[in-house]
Amino acid sequence: MNLFRLLGDLSHLASILILLQKIQSTRSCRGISFKTQALYATVFITRYLDLFYDWVSLYNFTMKVFFIASSCYVLYLMKIKYRPTHDPSIDTFRVEYLLGPCAVLALLFHYKFTIPELLWSFSIFLESVAILPQLFMLQRTGEAETITTHYLAALGAYRALYIPNWIYRYFTEDMVDPIAVTAGIVQTALYLDFFYVYFTKVLQGQKFELPA
């Protein structure tokens, strides 16, 4: 594992901890898209099925268990414990427009035609667009709490840091994963507008507000 991969994983870990802190400290899910969280839970469950039969390392095992467990816990908080604080009327993105195409892409682009490999490809494609319901909600409300923007920034940085990781591995290991790289670039590109507002407003001490 190289430094970029480690930093990416830590940024991903930080994003989830920030999200849990936001929900628990405010006792509210306001501003968080349940649909995005459900998509991420789907991503982790379909990607990490190898948890039960392919041992890599304790680090790998621990991270996989954490991501699956934490994503399911977030769904519990949003759907049960703090359900009254979630407003489904603004979380209206049609996720079937993401799930269907990602399933088709997985059938078309994969490395082996086996169930684990198809699910892995599906999870990679789905992760690249899973943030769209959250960004759509931001677009509708036009604003977000500061701690929510920190969560999104850490989540976006996680995948952005994987780009130099892939470049490093290409030059040091002569290895390239076209499916992961393509999906990662798409995922990072979706954050560009958000990062612009985040860096020019939130990090300057201003409230996160999208241009009218």
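Residues numbered from 1 in each chain as written. Predicted model: local features only at pLDDT ≥ 70, side-chain atom pairs only at ≥ 80, totals over all residues. Heavy atoms only, no water.

**Q** Any chance you could explain the overall build of the protein here in plain terms?
**A** Along the backbone of the protein there are 9 helices and 2 strands. If you list the helices and strands of the protein from N to C, you get α-α-α-α-α-α-β-α-α-α-β. A globule of 212 residues ought to have a C-alpha radius of gyration of about 17 Å, and the protein, at 17 Å, matches this closely. When the backbone C-alpha atoms are referred to their principal axes, the protein occupies close to 45 × 35 × 35 Å. Sorting the 212 residues of the protein into buried and exposed places 44% on the buried side. Considering only residue pairs separated by 6 or more positions, the protein has 78% of its internal contacts joining residues 24 or more positions apart. Accessible area for the protein stands at about 11200 Å²; split by element, carbon and sulfur atoms hold 67% of it. (Helix = DSSP H or I, 4+ residues; strand = E, 2+ residues; numbered from the N terminus. Rg over C-alpha atoms; globule rule 2.2 N^0.38 Å. Buried < 20%, exposed > 50% of the residue type's maximum accessible area, 1.4 Å probe, protein only. Contact = heavy atoms within 4.5 Å. Areas by Shrake-Rupley, 256 points an atom, 1.4 Å probe, with all protein chains shown as cover.)

**Q** Teacher, can you tell me more about the pattern of salt bridges here?
**A** Where charged atoms from two side chains of opposite charge come close, those side chains can pair. A full pass over the atoms with the stated rule returns 9 salt bridges. A salt bridge links E96 to R94; its shortest N-O distance comes to 2.5 Å. Owing to a relative accessible area of 38%, E96 belongs among the partly exposed residues under this scheme. Residue class for R94 comes out partly exposed when judged on its relative accessible area of 44%. Note that E143 is salt-bridged to K207, the shortest N-O span being 3.1 Å. With E143 in strand β1 (residues 143-144) and K207 in the loop between α9 (192-200) and β2 (208-209), the pair connects residues that are 64 residues apart, well separated along the chain. The network of salt bridges with shared partners includes K22, R30 and E145. (Salt bridge = Lys/Arg side-chain N within 4 Å of Asp/Glu carboxyl O.)

**Q** Got a minute to help me understand the side chain of K64 in this structure?
**A** Positionally, K64 belongs in helix α3 (residues 58-81). In this structure the side chain of K64 is engaged in a polar contact, spanning 3.0 Å, whose partner is the side chain of N60. The contacts of K64, once residues within four sequence positions are left out, are Y48, D50 and L51. (Polar contact = N/O pair within 3.5 Å; in protein donor to acceptor, adjacent residues only side chain to side chain.)

**Q** Got a minute to help me understand α9 in this structure?
**A** Three- or four-residue spacings in an α-helix give side chains the same orientation, since the helix completes a turn every 3.6 residues. Residues of α9 that are buried include every one of F194, F195, V197 and Y198, and no others. Down the axis of α9, the buried side of the element spans an arc of 165°, and every buried residue falls inside it. Among the exposed residues of α9, those oriented more than 90 degrees off its buried face are L192, D193 and Y196. For α9, the elements touching its buried residues are α6 (132-141), α7 (146-173) and β2. (Arc of directions from axis to C-beta.)

**Q** I tried to follow a nonpolar patch on the surface on my own but got confused; where do I start?
**A** Taken together, the side chains of M1, L3, L6, L7, L10 and Y59 make up a nonpolar region of the molecular surface, amounting to roughly 560 Å² of accessible area. At 4 residues, the largest contribution of residues to the nonpolar patch is made by helix α1 (residues 3-26). Within the fold, L10 resides in helix α1. Residue L10 is classed as partly exposed on the basis of its relative accessible area of 42%. (Patch = residues over 30% accessible without salt bridge, like charges linked within 9 Å, V, L, I, M, F, W, Y side chains within 5 Å.)

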